[in-house]
Amino acid sequence: MAELLLKHPSNAAALLLLLLTVLSLTSSLATAESSSFSQNLSPSTLGLNKPEKLSHLHFYFHDIVAGKNATAVRVAQANTTTATSPFGVVVVFDDPLTVSPDMGSKHVGEAQGIYAFASQTDSSLLVAYNFAFTEGEYNGSSLTVLGRNAVASAVREMPVVGGSGTFRFARGYAEARTQSYDLKTGNTVDEYDVYVLHY
């Protein structure tokens, strides 16, 4: 082969050009592959090779909309919003979570997020919030709730769509029951039972 290339220098140049082209394409493909923004991983890479646990959390959610220590604040409303039709109201909140209905009981975290009055016919809310825990084995972990809260129902069920910390890859649901509602102020205490699968 070397003898053939020496006798015909144009063949050598063509072969060299072909070799450089193949090397260039290979290099380009390798570069494209290494700069990809995603890759497949084994679940064990993230510690997901252990069995899932089902956890039940029970606490009270204090939504304080009136007074100097309000934890829920109206930030927007539609031009058509009235006292009898709250449709279009948006509230941001940072509500305390406690182990009993008494506000002075042990504090276990905060519920932080937003709710919007999303129904024109009843007082159903669209809710998007995190339970940010500050106590015990769940300190620093959170659960995320996203869904419909039909506040006039005796029991409301909302999906838990994820979490962080201990609750990475969490999924489940939250049940809320109104423990007390002050007609004068609008302040509410809800009892929550949260059931989540997590690793």
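Remember, it's a predicted structure, so these values are computed and weren't measured experimentally. (Residues numbered from 1 in each chain as written. Predicted model: local features only at pLDDT ≥ 70, side-chain atom pairs only at ≥ 80, totals over all residues. Heavy atoms only, no water.)

Asks: Got a sec to walk through the pairing of strand β3 (residues 90-98)? Specific residues and values, please.
Replies: As paired strands, strand β1 (residues 53-63) and β3 are joined by 2 bridges and run antiparallel to one another. Bridge assignment links Y60 to a residue of β3, and that residue is T98. Taken together, the 4 bridges between strand β2 (residues 72-76) and β3 define a ladder with antiparallel strand orientation. Within β3, the position partnered with R74 by the bridge is V91. (Pairing = 2+ DSSP bridges. Helix = DSSP H or I, 4+ residues; strand = E, 2+ residues; numbered from the N terminus.)

Asks: Which residues make up the layout of surface pockets, and what values do they have?
Replies: Taken as a whole, the largest pocket encloses approximately 680 Å³ of empty space. Along its surface, the largest pocket is lined by 32 residues, and D63, Y115, F117, Y181 and G186 are the ones closest to its centre. Contributing elements (two or more residues each) for the lining of the largest pocket: β1, β2, β3, β4 (107-117), β5 (124-133), β8 (171-181) and β9 (188-198). (1 Å grid on protein atoms, 1.4 Å probe; cavity = no way out; pocket = protein on both sides within 12 Å on 5 of 7 lines; lining within 4 Å. Points joined across faces, edges and corners; volume = space filled by probe spheres on them.)

Asks: Report on the packing of aromatic side chains, specifying residues and quantitative values.
Replies: In this description, a pair of aromatic rings is defined by centroid distance and the angle of the planes. Scanning all chains against the criterion turns up 16 aromatic pairs. Considering the side-chain rings of Y115 and F117, the 6.4 Å spacing of their centres and the 75° angle between planes classify their relative orientation as edge-to-face. For Y115, a relative accessible area of 9% puts it in the buried group. Among the aromatic side chains, those forming a connected cluster through ring pairs are F59, F61, F93, Y115, F117, Y129, F131, F133, Y138, F167 and Y192. (Phe/Tyr/Trp six-rings, centres within 6.5 Å; stacked < 30°, edge-to-face > 60°. Buried < 20%, exposed > 50% of the residue type's maximum accessible area, 1.4 Å probe, protein only.)

Asks: I'd love a proper account of the pairing of strand β7 (residues 156-164), names of residues and values included.
Replies: Bridge analysis of strand β6 (residues 142-150) against β7 gives 4 bridges, and the strand direction is antiparallel. Opposite L143, over in β7, you have G163 as the bridge partner. Hairpin connection between β6 and β7: a loop of 5 residues separates the two successive antiparallel strands. With 5 bridges joining them, β7 and β8 adopt antiparallel strand pairing. Within the sheet, the bridge partner assigned to E157 lies in β8 and is E175. The antiparallel hairpin formed by β7 and β8 contains 6 residues in its connecting segment, where G165 sits at a positive phi of about 65°.

Asks: Any details on the side chain of T98? Residues and values, ideally.
Replies: Tracing the sequence through the fold places T98 in strand β3. Residue T98 is classed as buried on the basis of its relative accessible area, which comes to 1%. Separated by 2.6 Å, the side chain of T98 and the backbone oxygen of S100 make a polar contact. Apart from residues lying up to four places away in sequence, T98 is in contact with F59, Y60, H62, M103, S105, K106, H107 and V108. (Polar contact = N/O pair within 3.5 Å; in protein donor to acceptor, adjacent residues only side chain to side chain. Contact = heavy atoms within 4.5 Å.)

Asks: Lay out the nonpolar core with the relevant residues and their values.
Replies: The biggest cluster of nonpolar side chains holds 28 residues, and the ones touching the most others in it are F59, Y129, F131, F133, L143, Y192 and V194. Elements represented by at least two residues in this core include exactly β1, β3, β4, β5, β6, β7, β8 and β9. If one sorts the elements of this core by residue count, β5 sits on top with 5 residues. Sequence-distant contacts of L143, defined by excluding residues within four places in its chain, comprise Y129, N130, F131, F133, V160, G162, G163, F167, A170, V194 and V196. (Core = buried A, V, L, I, M, F, W, Y, C linked by side-chain atoms within 4.5 Å.)

Asks: Break down a nonpolar patch on the surface for me, with residues and values.
Replies: Together, V73, V75, V92 and I114 make up a nonpolar patch on the protein surface, roughly 310 Å² of accessible area in all. If you trace the backbone, V92 turns up in strand β3. (Patch = residues over 30% accessible without salt bridge, like charges linked within 9 Å, V, L, I, M, F, W, Y side chains within 5 Å. Areas by Shrake-Rupley, 256 points an atom, 1.4 Å probe, with all protein chains shown as cover. Salt bridge = Lys/Arg side-chain N within 4 Å of Asp/Glu carboxyl O.)

Asks: I'd love a proper account of the pattern of salt bridges, names of residues and values included.
Replies: Counted by the stated rule, this structure contains 6 salt bridges. Here D190 makes a salt bridge to R156, at a shortest N to O gap of 3.4 Å. Here R156 lies in strand β7 and D190 lies in strand β9, a separation of 34 residues in the sequence. Like R156, D190 is buried. Between R177 and E175 there is a salt bridge whose closest N-O contact spans 3.0 Å.

No statement about biological role is implied by the geometric values presented.
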